[in-house]
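Architecture and fold: a report
One letter stands for each residue in the lines below.
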Amino acid sequence: MTYLLALDQGTSSSRSIVFDERGHIVAQAQQELPQIYPQPGWVEHDPMEIWRTQLATARQALAQAKIGPADVRALGITNQRETTVLWNRRTGLPVHHAIVWQDRRAEPLCAELREQGHEPMIQERTGLRIDAYFSATKLRWLLDHVPGARAAAEAGELAFGTVDSWLIWQLTGGKVHVTDVSNASRTMLFNVHSNTWDDDLLALLRIPRELLPRVQPSASDFGATDAALLGGAIPIGGVAGDQQSALFGQACFTAGMAKNTYGTGCFMLMHTGGNFQTSRNGLLTTSAAQIAPVAGTAGAPAGVQYAMEGSVFVGGAVVQWLRDGLRAISSSNEVQSLAESVPDSGGVMMVPAFTGLGAPYWKPEARGTITGLTRGTTIAHIARASLESIAYQSAALLQAMSRDAVAAGGAPVSELRVDGGACVNDLLMQFQADLLGIPVVRPAVIETTALGAAYLAGLSSGVYAGTEALSSLWRAERRFLPTLSSQRAQECMARWEHAVRQASLD
């Protein structure tokens, strides 16, 4: 039997999953990752804790599967994107906590860049809007605020990376400083047309080139693990940011196919093939996982693949808030039964703009609101409205995505493939289908983020001949069909948009 090991380093946990060559889960292990909130709007992780938890789960998964490193053909990595790590090349130790993708401390710098008129150029080259979400301004903050960091960076003593680069550095014993195209495309420093770090952007953000990792295709040779870590060396053959990895794991390989991942945030991606398309509706353009070599490397010309993306900052995190903030539930899996104890939300609308609103609104100043409260409102109504807020935000994304697709001469999205922890919630998935008016399809394997990393590793190591073989492995577990009339769905979305306007401070 051939096995693939996927490391899935997320915002709230580190997981490792052993897959067989059919894409079935053989074993898995997970450890929660502590969140650090130094002040409002700031979110950090301890990079050493990221590494410790990820290594521990890899060892646990292999032990649970009763296999050794010799049984694993290759290892794939998928990771929370944009989260920024800066470390010392000699010691391998971070110079500061990792700044998480949700962190908003760089918003003043972003506002300055927007006021200076740089957004059109940045969006044209990177596909991204200027926002504190992305790595570039987080890295700039570290260089400006960590004592001695800028001088050390310019002297070549420090290394920058997103979480994938940090894990590869640790896994290879500091021998490899590398990232893949999909993660690089989320930094706001990467030219997605040429597949290279952009000198003009580096100069604008005052980022020394010496900090940056080498960029490779998502399915390629990223080195091998230090033999002492897992009992033997395992080739690292696949790397992709979590959302591009989920797109790959959902077998969305052709233009027009779309998926939504329901995790801490919600992330919807629609594959656009080789077409770089600038959104007119508040979405981003990003590099999809790439198999062909990138520009400047040996081999065939770059086979650049793109996707349109919309990001919801607070998705499943609203359930964590119900648990830890309101203490309305004692565990996350109780939310469905609480929400189902009432027939509807009783007119309550929840906008979970805890860290502003992402696509398609891009309102960093927005704050969370609960509206429509009456004397009859119960915690069950608030729980249901909180769940529904996940679907509302995702519906706004898909509507924007379909408008962009039609404007580019394509067709609206006709089916949405879903994954992530919250997609097991049948109430949420049915409401999502009702709002969208199209089928919502849950696959047999919902761990598609990790599966995508395993598939990429399998491609580079010869387990799979190509994406056609991967498409044949994808299976649906359940299809949720819309039950609301189109008019009723439109009325619901109008109420949502009204609530969003109430949450904005401008």
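Everything below is about the structure shown above.
I will try to describe carefully the structure that is included in this document. (Residues numbered from 1 in each chain as written. Predicted model: local features only at pLDDT ≥ 70, side-chain atom pairs only at ≥ 80, totals over all residues. Heavy atoms only, no water.)

Our focus in this paragraph is the packing of helix 11 (residues 317–324) against helix 13 (residues 379–407). The description of two helices packed together rests on the angle between their axes and the distance between the axes. Put simply, helix 11 and helix 13 touch, their axes get as near as 9 Å, and they point 160° apart. Judged by the inter-axis angle, helix 11 sits roughly antiparallel to helix 13. In this structure, helix 11 crosses over helix 13, and the sense of that crossing is right-handed. Judged by residue contacts, Val 318, Val 319 and Leu 322 of helix 11 engage Ile 382, Ala 383, Ser 386, Leu 387, Ser 389 and Ile 390 from helix 13. (Axes fitted to C-alpha atoms, helices over the stretch in contact; angles between N-to-C directions. Helix = DSSP H or I, 4+ residues; strand = E, 2+ residues; numbered from the N terminus. Parallel < 35°, antiparallel > 145°, perpendicular 65-115°, else oblique. Left-handed = near helix turned anticlockwise from the far one by under 90°. Contact = heavy atoms within 4.5 Å.)

Let's shift gears to the nonpolar core. If you look at the biggest cluster of nonpolar residues, it comprises 110 residues, and the most contacted ones within it are Leu 189, Ile 207, Leu 211, Tyr 262 and Leu 416. Setting aside residues up to four positions removed in sequence, Leu 416 forms contacts with Ala 258, Lys 259, Asn 260, Tyr 262, Met 268, Leu 398, Leu 436, Ile 438, Pro 439, Val 440 and Val 441. Counting 37 residues, the second largest nonpolar core, distinct from the first, contains Leu 167, Ile 168, Trp 169 and Val 239. (Core = buried A, V, L, I, M, F, W, Y, C linked by side-chain atoms within 4.5 Å. Buried < 20%, exposed > 50% of the residue type's maximum accessible area, 1.4 Å probe, protein only.)

Remember that side chains alternate between the two faces of the sheet whenever the strand is regular. The alternating pattern of strand 16 (residues 284–287) places Leu 284 and Thr 286 and Thr 285 and Ser 287 on opposite faces, both of which are buried. As judged from the four bridges shared by strand 16 and strand 17 (residues 306–312), these two strands associate in the antiparallel manner. When the sheet's bridge partners are listed, Thr 285 is paired in strand 17 with Met 308. (Pairing = 2+ DSSP bridges.)

Bringing the pattern of salt bridges into the picture now. Side chains carrying opposite charge are able to pair once their charged atoms draw close together. With the rule as written, the count across this model stands at 27 salt bridges. Note that Glu 49 and Arg 52 form a salt bridge whose closest N and O atoms lie 2.9 Å from each other. Within this pair, Glu 49 and its partner Arg 52 are both found in helix 1 (residues 47–65), separated by three residues, close to a single helical turn. On the accessibility criterion, Glu 49 (24% relative accessible area) is partly exposed. Under the relative-accessibility criterion, Arg 52 is labelled partly exposed at 44%. In this structure, Arg 384 and Glu 388 form a salt bridge, with 3.4 Å as the shortest nitrogen-oxygen distance. Within this pair, Arg 384 and its partner Glu 388 are both found in helix 13, separated by four residues, close to a single helical turn. For Arg 384, a relative accessible area of 13% corresponds to the buried category. It is possible to trace a salt-bridge network through shared partners that takes in Arg 81, Glu 82, Arg 186, Asp 242 and Glu 309. (Salt bridge = Lys/Arg side-chain N within 4 Å of Asp/Glu carboxyl O.)

On to the sheet that holds strand 17. Spatially, 16-17-15-14-20-21-22 is the arrangement adopted by the seven strands of the open sheet, whose pairing is mixed. Whereas interior strands pair on both sides, the edge strands pair on one side only; in this sheet they are strand 16 and strand 22 (476–480). Neighbour to neighbour, the strand axes of the sheet diverge by 30° on average, direction disregarded. With seven bridges joining them, strand 15 (residues 266–273) and strand 17 adopt antiparallel strand pairing.

We now examine the packing of aromatic side chains. The full count for this structure, using the stated rule, is 15 aromatic pairs. Ring centres of Trp 42 and Trp 141 lie 5.4 Å apart, and the angle between their planes is 80°; on these two criteria the pair is classed as edge-to-face. Taken as a pair, Trp 42 in the loop between strand 3 (25–32) and strand 4 (44–45) and Trp 141 in helix 4 (residues 135–145) lie far apart in primary sequence, 99 residues in all. In this pair, the class of Trp 42 matches that of Trp 141, namely buried. Members of the aromatic cluster, joined through ring pairs, are Trp 101, Tyr 133, Phe 134, Phe 267, Phe 313 and Trp 362. (Phe/Tyr/Trp six-rings, centres within 6.5 Å; stacked < 30°, edge-to-face > 60°.)

A few words now on the side chain of Lys 259. Tracing the backbone shows Lys 259 in strand 14 (residues 258–262). One buried charge, Lys 259, has no salt-bridge partner; the nearest side chain with opposite charge is Asp 419, at 4.9 Å. Side-chain polar atoms of Lys 259 contact the side chain of Gln 243, separated by 2.7 Å. Polar contacts involving the side chain of Lys 259 include one to the main-chain carbonyl oxygen of Phe 267, which spans 3.0 Å. (Lys, Arg positive; Asp, Glu negative; His and termini not counted. Polar contact = N/O pair within 3.5 Å; in protein donor to acceptor, adjacent residues only side chain to side chain.)

For helix 1, with 19 residues, the first-to-last C-alpha span of 27 Å sits near the 27 Å given by 1.5 Å per residue. Every buried residue of helix 1 is listed here: Pro 47, Met 48, Ile 50, Trp 51, Thr 53, Gln 54, Leu 55, Thr 57, Ala 58, Ala 61, Leu 62 and Ala 65. The backbone nitrogen of Met 48 lies 2.9 Å from a side-chain oxygen of the residue at the head of helix 1, namely Asp 46. Just past helix 1, the residue Lys 66 takes up positive phi, approximately 60°. (Expected span 1.5 Å × (residues − 1).)

On to the pairing of strand 6 (residues 85–88), then. Side chains Val 85 and Trp 87 project from strand 6 onto one buried face, and the interleaved Leu 86 and Asn 88 project onto a second face that is buried too. Sheet topology places strand 6 next to strand 8 (residues 158–161); four bridges connect them, and they run antiparallel. Its bridge partner lying in strand 8, Leu 86 is registered against Phe 160.

Tracing the backbone through its elements, the reader meets Leu 357 in the loop between strand 18 (349–351) and strand 19 (369–371). In this structure Leu 357 comes out as buried when scored by relative accessible area, which is 3%. Leaving out residues up to four positions away in the same chain, Leu 357 has contacts with Phe 313, Val 351, Trp 362, Lys 363, Pro 364, Ala 366, Gln 393 and Val 500.

Treat this as a map of the structure, not an account of what it does.
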